[in-house]
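# Structural description and commentary
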Amino acid sequence: MEQSINKPISTFHVMAKPTGARCNLNCDYCFFLKKTDLYPNSSFCMSDETMEAYIKQTIETQNTPEITIAWQGGEPTLMGLDFFRRVVAVEKKYAAKETVIVNTLQTNGVLLDDEWCQFLHENNFLIGLSLDGPKHLHDKFRHDKAGNSVFDQVIRALRLMQKHKVEFNILCTINSENSKHPLEVYKFFRDECDAHYFQFIPIVELDENKKVTSRTVDAKQYGKFLIQIFDEWVKKDVGETFVQFFDGVLMSYIRGFSSLCVLQPTCGQGAALEHNGDLYSCDHFVEPSYLLGNIHQLNIVDLISSDQQRSFGKEKQTSLSKHCQSCKFHFTCHGECPKNRILKTSDGEENLNWLCAGLKAFFEHTHKHMQTLSNLLQTGRPASDIMKTMTTEKNGQSKKIGRNEPCYCGSGLKYKKCHALQKDSS
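Residues numbered from 1 in each chain as written. Predicted model: local features only at pLDDT ≥ 70, side-chain atom pairs only at ≥ 80, totals over all residues. Heavy atoms only, no water.

### Some thoughts on the pattern of salt bridges
Applying the stated criterion to the full structure yields 17 salt bridges. A salt bridge links Asp139 to Lys135, with the nearest nitrogen and oxygen atoms 2.8 Å apart. Placement of both Asp139 and Lys135 in helix H4 (residues 135-141) is noted, with a separation of four residues, approximately one turn of the helix. One network of salt bridges, with partners in common, ties together Arg190, Asp191, Glu232, Lys236 and Asp237. (Salt bridge = Lys/Arg side-chain N within 4 Å of Asp/Glu carboxyl O. Helix = DSSP H or I, 4+ residues; strand = E, 2+ residues; numbered from the N terminus.)

### Considering the pairing of strand E2 (residues 66-71)
Bridge analysis of strand E1 (residues 13-16) against E2 gives two bridges, and the strand direction is parallel. Looking at E2, one finds that Met15 is bridged to Ala70. For the crossover that starts at E1, traverses helix H1 (residues 48-61) and ends in the parallel E2, the hand is right-handed. With six bridges connecting them, E2 and strand E3 (residues 100-107) associate as parallel partners. Across the sheet, the residue bridging to Trp71 is Leu105, located in E3. Read from E2 through helix H2 (residues 81-94) to E3, the crossover connection turns out right-handed. (Pairing = 2+ DSSP bridges. Right-handed = clockwise from strand over helix to strand, strands pointing away.)

### A few points about the sheet that holds E2
Ordered in space as E7-E6-E5-E4-E3-E2-E1-E8-E9-E10, the 10 strands form an open sheet in which the pairing is mixed. At either end of the open sheet lies a strand with only one pairing partner, and these are strand E7 (242-243) and strand E10 (291-294).

### A look at the pairing of E3
Along E3, six of the eight residues are buried, which leaves the element largely enclosed by surrounding structure. Sheet analysis places E3 next to strand E4 (residues 126-130), joined by four bridges and oriented parallel. In the sheet register, Thr107 faces E4, and the bridge partner there is Leu129. With helix H3 (residues 114-122) bridging E3 and its parallel neighbour E4, the resulting β-α-β unit is right-handed. (Buried < 20%, exposed > 50% of the residue type's maximum accessible area, 1.4 Å probe, protein only.)

### Remarks on the confidence of the model for the chain
Taken residue by residue, the chain gives an average pLDDT of 91. The fraction at 70 or more is 89%. Counting interchain partners and residues more than four positions distant, the pLDDT-below-50 stretch residues 1-7 has 18 contacts. In the model, residues 419-426 has pLDDT below 50 throughout and makes 12 contacts with residues more than four positions away in sequence or in other chains. (pLDDT = per-residue confidence, 0-100. Contact = heavy atoms within 4.5 Å.)

### Quick word on the layout of surface pockets
In this structure, the second largest pocket encloses a volume near 220 Å³. Considering the residues around the second largest pocket, the lining is formed by Cys267, Phe285, Tyr290, Phe312, Glu315, Lys316, Ser319, Pro338, Arg341 and Asn351. Among the elements that make up the lining of the second largest pocket, the one with the highest residue count is helix H10 (residues 307-318) (three residues). Residue composition of the lining of the second largest pocket, grouped by class: five nonpolar, two polar and three charged. (1 Å grid on protein atoms, 1.4 Å probe; cavity = no way out; pocket = protein on both sides within 12 Å on 5 of 7 lines; lining within 4 Å. Points joined across faces, edges and corners; volume = space filled by probe spheres on them. Nonpolar A, V, L, I, M, F, W, Y, C, P; charged D, E, K, R; others polar.)

### Some remarks on unusual backbone geometry
Note the cis peptide between Gly73 and Gly74, where omega equals 10°. Looking at where Gly74 falls in the secondary structure, it is placed in the loop between E2 and H2. Phi at Phe44 takes a positive value of approximately 50°, unusual for a residue other than glycine. Residue position: Phe44 is located in the loop between E1 and H1. Positive phi, normally seen in glycine, also occurs at His334, with a value near 55°. Its location among the elements puts His334 in the loop between helix H12 (330-333) and strand E11 (341-343). His334 gets classed as buried once you look at its relative accessible area, which sits at 10%.

### Points about the environment of Phe363
Within the element layout of this structure, Phe363 appears in helix H13 (residues 356-378). For Phe363 and Leu226, which are 137 residues apart along the polypeptide, the C-alpha to C-alpha distance reads 9.8 Å. Contact partners of Phe363, with chain neighbours within four places excluded, come to Phe245, Val249, Phe329, Thr332 and Cys333.

### Re empty space enclosed by the protein
Tallied over the full model, the rule gives one cavity of 30 Å³ or more. Quantified by volume, the largest cavity comes out at close to 140 Å³. Around the largest cavity sit 14 residues that line it, and Cys324, Cys327, Cys333, Gly335 and Cys356 are the ones nearest its centre. Where the lining of the largest cavity is concerned, the elements lending two or more residues are helix H11 (322-325), H12, strand E12 (352-353) and H13. The element that contributes the greatest number of residues to the lining of the largest cavity is H13, accounting for four residues. Here the lining of the largest cavity is built from residues that sort into eight nonpolar, five polar and one charged.

### Some points on helix H8 (residues 244-255)
One turn of the α-helix equals 3.6 residues, which is why residues spaced by three or four share an orientation. Here H8 contains 12 residues, and its C-alpha end-to-end distance of 16 Å stays within 8% of the 16 Å for a straight helix at 1.5 Å per residue. Listing the buried residues of H8 in full gives Phe245, Phe246, Gly248, Val249, Leu250, Ser252 and Tyr253. Immediately downstream of H8, the backbone of Gly256 shows phi near 90°, a positive value. (Expected span 1.5 Å × (residues − 1).)

### What about the packing of aromatic side chains?
Given two aromatic rings, one states the distance between the centres and the angle between the planes to describe the pair. Tallied over the full model, the rule gives 28 aromatic pairs. Seen in terms of ring centroids, Tyr197 and Phe242 are 5.0 Å apart; in terms of plane orientation they differ by 10°. Their pairing is stacked. Of this pair, Tyr197 sits in strand E6 (residues 197-202) while Phe242 sits in strand E7; the two residues are 45 residues apart in sequence, bridging distant segments of the chain. We classify Tyr197 as partly exposed; its relative accessible area is 40%. By way of ring pairs, the aromatic residues Tyr54, Trp71, Phe83, Phe84, Trp116, Phe119 and Phe125 are connected into one cluster. (Phe/Tyr/Trp six-rings, centres within 6.5 Å; stacked < 30°, edge-to-face > 60°.)

Okay, structure coming up:
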């Protein structure tokens, strides 16, 4: 293997695809199924040699006490349970005793059974379960190869994970259909599924003519979807239910940059590993022009530290329109994901994000609440105290607070001082 060619970065995230684009479902909006064309005649089955190289390189080049080994697809459970038993053995072979290894696995859940779930629990896997809402919404775009519903199988997998105490979150794509039913989707997950961790991923899909498809979420509707769920969450569920996007935005208020890659100033520290060891710049850019190299020839950290990848990462920032740069919420958005920058601004600038109108509406609507949540956490109070604030405001008590009394937002400041700070940051 060649030696390092650049100063290595300290942390990175690689999403490994042991089955490549191979999947047992045929979801209408899946952008990855077409990637099979990149590897004609392939078995789409990661060898133990490639698996071990991925794990060894990741562990040896990460300078963190906790290391994530991520598995996605396609459908990674098609590799079979014995493959992941070998994964755990390899991780134990290379990890120091004090290092915590966290395996994440994104799945449609169809193949999960008691044996799978027992293994996942015993080895502390974090599972992402793909579920788009109740049956009539989930089935709209998600189905098997024959077009049949898999909803019951997904719910069975969810119940099995709960039975075996497997840690999981729900990954819900937001499309043209379920985006119209935000509270139905949220309450189904919260009340009927008894789930507590959600990822909401917007579908922005282009056809061969570079036009958005009918499955693509409308930007303004996406904003309404997030706002209605946020309003329910901030009144009732803070501290009990966790929405990844809300947490990601909140981190922008607390530390000045988000924990979510789509909201960070630059890209480049997350890559996608194909089944044969090919490493690509990003999961959304698995294309020949974004191929960095193969981990059997060059170490993962060198590929991610390469000039090619650094250029890819910086382009998110350098290609940002002036419209976005001057936006009030630039600090928390940064133009969102580059793959969604398909519009022009009113001035004719390129690279305006398809979701801009909805994102801006959400940021505007939640701004004061995000400030309050940030103040609570930075003063050592639980975020859930905001629900007391909501009750206080609802009852009109906030109007009775004296200017020299502690602000109801939990900042620890006097009301007049906190109120002035909030006005300054608006």
